[in-house]
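Geometric and topological summary
Below, each chain spelled out in residue letters.
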Amino acid sequence: MRVGNILSLKTVLAVFVLIVTCSLGFAQERLRMSTTTSTENSGLLNVLLPPFEKQCNCRVDVISVGTGKALKLAEAGDVDVVLVHARKLEDLFVAEGFGVNRRDVMYNDFVIIGPTGDPAEVKSAKTAADALRRIARAQATFISRGDESGTHQKEKELWSAAGITPAGKWYRSIGQGMGEAIMMATEERAYTLSDRGTYNAFKHGKTDLAILFNGEKGLFNPYGVIAVNPKRFPHVKYDLAMKFVNYITGPEGQGIIARYQISGEPVFFVYPK
Amino acid sequence: MSFFHESLRTAFSLIFSANREVFAAVWTSVSVALWSIGFASLVGIPAGIGIGVGQFRLKRALMVILNSLMAMPTVVVGLLVYGLVSRQGPMGSWGLLFTPKAMVIGQALLAVPIVTNYTLSAIRSADFRVVPTTLTLGASTVQSLAQLTREVRFGIVAAIIAGFGRVISEVGVAMMVGGNIRGYTRTMTTAIALETSKGEFAFGLALGIILMSVSFLINIVLTSMQESGRV
């Protein structure tokens, strides 16, 4: 009886180790892409990547972080391609020789969201900078991403346009993703800056905050794809990265992006060709 | 109330619908944890026995250091391993960052102090007369140490269980050096962090329930090893 017990235990362990070994060993060509949380959290990549993976018989490994960190990963040569949204940082990234062949992929826009009661009267603001000025004047709680993401870059840009250095108890820099920022703003009845895609994904059942300001040119949010420079990092998979760049900027990828919707609303828009 | 209700319901439906992504995450969690604890045991058990049996200067200091290492934050270990395996780091040319292998390195580092310490405590509470007795009976040093180890096997399995608990539940290393890549380096804990960031709290808790169930099953196996080793 006891011998039987121990034998079966050993068998179980042996099979376990065998399967574990196999699972860690398999190899397929992998393209590493660092991207922003908005592309992953919106669910777009789940429909955009599989057709490409089939075509190239490869896997795309998505590391989804803020735009700042996504570019940092590429500057260390740890990824092959980046898909981000912070035009100034992207241009700097290319100018410093880390990336090549930047292409426009898609766009959406930023919106200022807050409680429907709108204590800071953001709704009647003329510009985005004016909206932030009103929030600061009313000392209404504002949640800042504070993580050097593309959204955080845009927020800092808007504060400096407003001529304000935000500080004080009302300004909360949380160092977390867009989703966390929206959830915290919802709990605290606070304002925050969000990309429209993430807000749309949250507005059904997860947040009761409303869009209080949008539609300004300065809130335009373009996404770009950049291959990591193979001259700088010889180990990067440049050819595969360029195949990917051509795929998402080509008719098939652009079609998928344009057709992608959450609850009947488009999330990203493509540029007319 | 409905939050917990929904979590439980989601957990069951995920299990019974055999959701592929969830299974992949469970699989990554378990396989990476087992590899880590395997390596950690290879290092930690002999180290624990050595420190426990040995008489040397600075033994006390070493024990204080080991105790402090048990409290090492997972993100610190994550940063260390990140620095090692990033392309800019000393092991950069191996291309290990954002692979399960890098996670194994980090989690093994987390588990070594725990396995060492638990083994050490087991050895220290053992009856030391085993060593001189076996030696006078004509055993070699290695044989007498093996006998001592056999005496404390219950404690050693406890060391493995504790180390396993540490690595299967951690999120810092897995997130930093694994990168939370879907179907590849996404573990149960990083998946929970992701769902939380998406505001899918009930779904995240459902994944937590599944992770706890898996840990429970594995601990049944480990505990039965512990029991079957007892005379």
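None of these values were measured; they are calculated from a predicted model.

1. Examining the pairing of strand β3 (residues 81–84) of chain A
All names here are of chain A. Covered by surrounding structure in β3 are Val81 and Leu83 together with Val82 and Val84, the residues of both alternating faces. Examined bridge by bridge, strand β1 (residues 30–35) and β3 share three bridges and lie parallel to one another. For Thr35, the partnering residue across the bridge sits in β3 and is Leu83. Bridge count between β3 and strand β9 (residues 220–228): four bridges; the pairing is antiparallel. Counted as the bridge partner of Leu83 is Val225 from β9.

2. A word on the packing of helix α2 (residues 20–53) of chain B against helix α5 (residues 100–125) of chain B
All names here are of chain B. For the pair α2 and α5, interaxial distance at closest approach is 5 Å and the crossing angle is 35°. Regarding α2 and α5, the two cross each other, and that crossing is right-handed. Per-class residue counts for the contact of α2 with α5 are 21 nonpolar, 10 polar and one charged.

3. Things to note about the packing of helix α6 (residues 128–138) of chain A against helix α7 (residues 150–162) of chain A
When two helices pack together, their arrangement is given by the angle between their axes and by how far apart the axes lie. Residues and elements named next belong to chain A. Two elements in contact, α6 and α7, have axes separated by 8 Å at closest approach and are oriented at 80°. Classed by the angle they form, the pair α6 and α7 counts as roughly perpendicular. Here Ala128, Ala129, Leu132 and Arg133 of α6 come into contact with α7, specifically with Leu158, Trp159, Ala161 and Ala162.

4. As for the domain arrangement of chain A
Residues and elements named next belong to chain A. What the domain assignment reports for chain A is domain 1 (27–108 + 221–266) and domain 2 (109–219). Counting residues at the interface gives 17 residues for domain 1, matched by 18 residues for domain 2. Here the element with the most residues in the side of domain 1 that touches domain 2 is helix α2 (residues 37–41); it accounts for three residues.

Rules and cut-offs
- Residues numbered from 1 in each chain as written.
- Chains lettered and ligands numbered in written order.
- Predicted model: local features only at pLDDT ≥ 70, side-chain atom pairs only at ≥ 80, totals over all residues.
- Buried ≥ 20, exposed ≤ 12 C-beta atoms within 10 Å, placed from the backbone.
- Helix = DSSP H or I, 4+ residues; strand = E, 2+ residues; numbered from the N terminus.
- Pairing = 2+ DSSP bridges.
- Axes fitted to C-alpha atoms, helices over the stretch in contact; angles between N-to-C directions.
- Left-handed = near helix turned anticlockwise from the far one by under 90°.
- Nonpolar A, V, L, I, M, F, W, Y, C, P; charged D, E, K, R; others polar.
- Parallel < 35°, antiparallel > 145°, perpendicular 65-115°, else oblique.
- Contact = placed C-beta atoms within 7 Å.
- Domains from an automatic or database assignment.

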